[in-house]
Amino acid sequence: MPVTSDQINIPAVKDELSAIAERYEAALVGNDRLALDRFFLPGADTLRFGLADEQYGYDAVVAFRASLPLQSPPRRILRCEVSTYGNDWGTVNLEFRYTDRHGGGRQSQTWVRSDLPGHGGWRIVAAHVSLKSEAQA
């Protein structure tokens, strides 16, 4: 069923996903790997593309995060755009700048509201992060 224009950015849904995205960001810069794992939807179709890495499937995302001593260097969000489509789909796209070094980047996530037992609520099904060149940052 197509999403109609009145279903794009329903205020309550957008506010809900925005709050979840803020919790994800806090876990990321707080180096809370276990919390970060819970934000991703378990399953083979979940994926994450990092700076020089790719994980296909939830298990690969969890294994990759476990191998990192630090989930993300300290950073400041420059801009964050949250969009929702109906009650159960949304995207979060942001630009960031590192606070302890030069540079910054972009991050995008696709979120779905899940009803999986033990994994209900908003979960990331696709994520991508990239760095900006020094000229862009």
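Conventions used here
Residues numbered from 1 in each chain as written. Predicted model: local features only at pLDDT ≥ 70, side-chain atom pairs only at ≥ 80, totals over all residues. Heavy atoms only, no water. Phe/Tyr/Trp six-rings, centres within 6.5 Å; stacked < 30°, edge-to-face > 60°. Helix = DSSP H or I, 4+ residues; strand = E, 2+ residues; numbered from the N terminus. Buried < 20%, exposed > 50% of the residue type's maximum accessible area, 1.4 Å probe, protein only. Salt bridge = Lys/Arg side-chain N within 4 Å of Asp/Glu carboxyl O. Contact = heavy atoms within 4.5 Å. Pairing = 2+ DSSP bridges.

Q: I'd like a description of the packing of aromatic side chains, backed by residues and values.
A: Per the stated rule, a full pass over the model turns up 6 aromatic pairs. Consider the rings of Y24 and F40, whose centres lie 6.3 Å apart with planes at 65°: the pair is edge-to-face. Of this pair, Y24 sits in helix α1 (residues 11-29) while F40 sits in the loop between α2 (33-39) and β1 (47-49); the two residues are 16 residues apart in sequence, bridging distant segments of the chain. Comparing Y24 with F40, the two get one shared label, buried. Seen in terms of ring centroids, Y24 and W111 are 6.3 Å apart; in terms of plane orientation they differ by 90°. Their pairing is edge-to-face. Of this pair, Y24 sits in helix α1 while W111 sits in strand β5 (residues 104-114), placing them 87 residues apart in sequence.

Q: Provide a residue-level description of the pattern of salt bridges, including the pertinent values.
A: Pairs may arise between side chains of opposite charge once their charged atoms sit close together. Enumeration over the complete set of coordinates arrives at 8 salt bridges. R101 is the partner of D100 in a salt bridge, and the nearest nitrogen-oxygen pair spans 3.0 Å. For R101, a relative accessible area of 45% puts it in the partly exposed group. A single network of salt bridges, built from pairs that share partners, joins E16, D88 and R113.

Q: Can you break down the environment of L47 residue by residue, with the values?
A: Considering the arrangement of structural elements, one finds L47 in strand β1. Residue classification places L47 among the partly exposed residues on the basis of a relative accessible area of 23%. Measuring from C-alpha to C-alpha, the distance between L47 and S18 comes to 21 Å, with 29 residues separating the pair along the chain. The residues touching L47, leaving out its near neighbours within four places in the chain, are Q55, Y56, G57, V125, A126 and A127.

Q: Can you explain the pairing of strand β4 (residues 89-98)? Please cite residues and give values.
A: Taken residue by residue, a regular strand's side chains alternate between the two faces of the sheet. Alternating positions in β4 separate cleanly, G90, V92, L94, F96 and Y98 being buried on one face and W89, T91, N93, E95 and R97 remaining unburied on the opposite face. Pairing analysis gives 10 bridges linking strand β3 (residues 75-85) to β4, with the strands arranged antiparallel. Within β4, the residue paired with R79 across the bridge is E95. With antiparallel pairing between neighbouring strands as the criterion, β3 and β4 make up a hairpin whose turn holds 3 residues, including G86 at a positive phi of roughly 75°. Pairing of β4 with β5 involves 9 bridges; the strand directions are antiparallel. Bridge pairing links N93 to S108 in β5. Hairpin connection from β4 to β5: 5 residues lie between these consecutive antiparallel strands, with G103 at a positive phi of about 105°.

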